[in-house]
Amino acid sequence: TVPPAPNQSYLLEGVIKSKSTHQFSFKPTKGAAWTCVKRRFSLAKWRFVAKATIRNYLHKHLKHPSSRDFLSALATGEMENRILKHNFASLGLQHLLAISGFHFGLIALSLSGILRLFLTPRNSALLLLPLITLYFFFIGPAPSCFRAWMTDRKSTRLNSSHTDIPRMPASA
């Protein structure tokens, strides 16, 4: 059988069993059909399509497989190349490919610096808030990124009214 598409919501009949106090497993009923649920908007679907679009763009425009897989991992936070993942892990550098609070803060700092080249500090802060929020929705709700997003939002509001210097929020 063909597995269902990962960017949809489904109804599936089965049984949920408790393994421990906070751990459960779901066992689908044998032969149960995956019924696609039509919804107007799904953030998970949007995230899946957006990440696929970026991966496809990189695969189309970059010829070297390791380079495009590395940039794809940095942009989307998802490592698909097992060899590259193994190479980074063997060097103890796998954490560089994960989108962490520090990574999120660097993106916010970079965007802030670019925006302040063209806009006033207040206007760049007003545009930065929705941009980092969009980036947060794009990468997903990892706890470290949620903390960084909250810190960046607060830091951006505070910095926009008093200074012209972009500051790196403490978001690691």
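In the block above lies the structure referred to throughout.
Below: a short report on this structure. Note that the structure is a prediction, hence the values are computed from the model and not measured. (Residues numbered from 1 in each chain as written. Predicted model: local features only at pLDDT ≥ 70, side-chain atom pairs only at ≥ 80, totals over all residues. Heavy atoms only, no water.)

## Describing the pattern of salt bridges
- Per the stated rule, a full pass over the model turns up three salt bridges.
- Taking the shortest distance from any N to any O, the salt bridge between Arg55 and Glu78 comes out at 3.1 Å. Placement of the pair is Arg55 in helix 1 (residues 43-61) and Glu78 in the loop between helix 2 (65-76) and helix 3 (82-90), with a sequence separation of 23 residues.
- Accessibility expressed as a relative area gives 11% for Arg55, which makes it buried.
- For Glu78, a relative accessible area of 34% translates into the label partly exposed.
- Of the charged contacts in the structure, one is a salt bridge between Glu80 and Arg55, with a shortest N-O distance of 3.0 Å. Placement of the pair is Glu80 in the loop between helix 2 and helix 3 and Arg55 in helix 1, with a sequence separation of 25 residues.
- Beyond isolated ion pairs, a larger network of salt bridges with shared partners links Lys51, Arg55, Glu78 and Glu80. (Salt bridge = Lys/Arg side-chain N within 4 Å of Asp/Glu carboxyl O. Helix = DSSP H or I, 4+ residues; strand = E, 2+ residues; numbered from the N terminus. Buried < 20%, exposed > 50% of the residue type's maximum accessible area, 1.4 Å probe, protein only.)

## Here's the deal with helix 3
- Capping the start of helix 3, Asn81 holds a side-chain oxygen 3.0 Å from the backbone nitrogen of Ile83, two or three residues further along.
- Following helix 3 by one or two positions, Gly92 adopts a phi angle in the positive range, close to 75 degrees. (Polar contact = N/O pair within 3.5 Å; in protein donor to acceptor, adjacent residues only side chain to side chain.)

## Re the layout of surface pockets
- In this model, the second largest pocket occupies a volume close to 180 Å³.
- Together, Leu74, His95, Leu96, Ala98, Ser100, Phe102, His103 and Leu106 line the second largest pocket.
- Considering every element that reaches the lining of the second largest pocket, the biggest residue donor is helix 4 (residues 101-118), with three residues.
- A class-by-class count of the residues in the lining of the second largest pocket yields five nonpolar, three polar and no charged. (1 Å grid on protein atoms, 1.4 Å probe; cavity = no way out; pocket = protein on both sides within 12 Å on 5 of 7 lines; lining within 4 Å. Points joined across faces, edges and corners; volume = space filled by probe spheres on them. Nonpolar A, V, L, I, M, F, W, Y, C, P; charged D, E, K, R; others polar.)

## Some remarks on the packing of aromatic side chains
- For the coordinates displayed, the defined rule picks out four aromatic pairs.
- When the ring of Phe136 is compared with that of Phe137, the centres are 5.9 Å apart and the planes differ by 50 degrees; the resulting orientation is tilted.
- Classification of Phe137 as partly exposed rests on a relative accessible area of 34%.
- The ring of Phe138 carries Lys51 above its face, with NZ or CZ at 5.8 Å from the centroid. (Phe/Tyr/Trp six-rings, centres within 6.5 Å; stacked < 30°, edge-to-face > 60°. Lys NZ or Arg CZ within 6 Å of the ring centre and 35° of its normal.)

## What about empty space enclosed by the protein?
- For the coordinates displayed, the defined rule picks out two cavities of 30 Å³ or more.
- Approximately 30 Å³ is the volume attributed to the second largest cavity.
- Surrounding the second largest cavity, Asp69, Ser72, Ala73, Glu78, Glu80 and Asn81 form its lining.
- Class assignment of the residues belonging to the lining of the second largest cavity gives a composition of one nonpolar, two polar and three charged.

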